[in-house]
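Overview (structure and organization)
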Amino acid sequence: MTEIKDLEQLFYHEIQVLWSAEKMLTEAMPKMIEKATHEGLKKNLAMHLAETDQHKVALEAICKQLGIDPEGDFNPGMQGILAEGEKVMAKDATPEAMDATLIAGAQKVEHYEISGYGSAAYYAEMLGYEGIAKRLRLTLAEEQDADTKLNFLAKEIINPRAKQPAT
């Protein structure tokens, strides 16, 4: 899409960049899971990868319903967040510090997605796409839940361990 002249076109753009983000995430998350050392974090990331696959499929169905190509717009924002994560994951770090790094990166992703899905759901609702809005709100809730779980892991387990000096 080259132009955005109204809310409908903005909505299409948002759906396409969300699909682009989910596609990039399905490719990036296996490396994050591999780098994680804490079993709870590994399981959390693996469960969210399965959800991410479902989000991508749901966005494809929405695109089909709307008659748009999911690959119609690329997401440079998510690309930047993932590039930052790749750079940090390449650093030498203790297992505890790496786990804290992975959580921080994953939460940046979640916050980006929460913003995108929130906007897209609102646009869908305004445009009268109630079924699509409902599906987008479901995904939004899943992204918020993922962020809450990561926050718990960070505050209660991972970050306190990373705070301890390496032995």
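Everything numeric in this text was worked out from a predicted model, so none of it was measured.

Helix and strand counts for the protein chain stand at five helices and zero strands. Ordered by position from the N terminus, the helices and strands of the protein chain form the series α-α-α-α-α. A compact globule built from 167 residues should have a C-alpha radius of gyration of about 15 Å, and the protein chain, at 17 Å, falls within 12% of that. Its C-alpha atoms give the protein chain principal-axis dimensions of roughly 60 × 25 × 20 Å. Taking all 167 residues of the protein chain together, the buried fraction comes to 42%.

Let's shift gears to the side chain of Asn44. Examined against the element boundaries, Asn44 turns out to sit in helix α2 (residues 39–66). For Asn44, a relative accessible area of 11% corresponds to the buried category. If sequence neighbours within four positions are ignored, Asn44 has contacts with Lys149, Leu150 and Leu153.

Turning to the nonpolar core, a few remarks are in order. Among the nonpolar cores identified, the biggest contains 25 residues, and Met32, Leu41, Leu45, Met78, Leu82, Leu102 and Ile103 are the most heavily contacted of them. For this core, the elements supplying multiple residues, two or more each, are α1 (7–35), α2, α3 (76–89), α4 (95–126) and α5 (130–163). For this core, the element with the most residues is α1, which contributes seven residues. Not counting chain neighbours up to four residues away, the residues in contact with Leu102 comprise Met32, Lys35, Ala36, Leu41 and Met89. Formed by 19 residues, the second largest nonpolar core is a distinct cluster that contains Tyr12, Leu59, Ala120 and Tyr123.

Turning next to the pattern of salt bridges. Following the criterion strictly, the structure yields six salt bridges and no others. Here Asp145 and Lys149 are joined by a salt bridge, their closest N and O atoms 3.2 Å apart. With a gap of four residues between them, Asp145 and Lys149 both fall in helix α5, about one helical turn apart. Exposure remark for Asp145: the relative accessible area of 36% places this residue in the partly exposed category.

This part is about the side chain of Thr139. In this structure, Thr139 sits in helix α5. When its relative accessible area of 2% is taken as the criterion, Thr139 is described as buried. Other than its neighbours up to four places away in sequence, Thr139 contacts His55 and Tyr117.

What counts as what
- Every residue gets a number counted from 1 within its own chain, in the order that chain's sequence is written.
- Reporting of local features is limited, given that this is a predicted model, to residues whose pLDDT is at least 70; pairs of side-chain atoms are given and counted only at 80 or more, and all residues count toward the totals for whole chains, interfaces and linings.
- Where side-chain values are given, they derive from all heavy atoms of the structure, hydrogens and water being excluded.
- Numbering of helices and strands starts at the N terminus; helices are DSSP runs of H or I of at least 4 residues and strands are runs of E of at least 2.
- The size measure is the radius of gyration over C-alpha atoms, and the globule rule it meets is 2.2 Å times the number of residues to the 0.38 power.
- Remark: exposure states derive from per-residue accessible area (1.4 Å probe, protein chains only) relative to the maximum for the residue type, with buried under 20%, exposed over 50%, and partly exposed in between.
- Whether two residues touch is decided by their heavy atoms; if any such pair falls within 4.5 Å, the residues are in contact.
- By nonpolar core is meant a set of buried Ala, Val, Leu, Ile, Met, Phe, Trp, Tyr and Cys residues that side-chain atoms within 4.5 Å join together.
- A pair is scored as a salt bridge if a Lys or Arg side-chain nitrogen falls within 4 Å of a carboxyl oxygen belonging to Asp or Glu.

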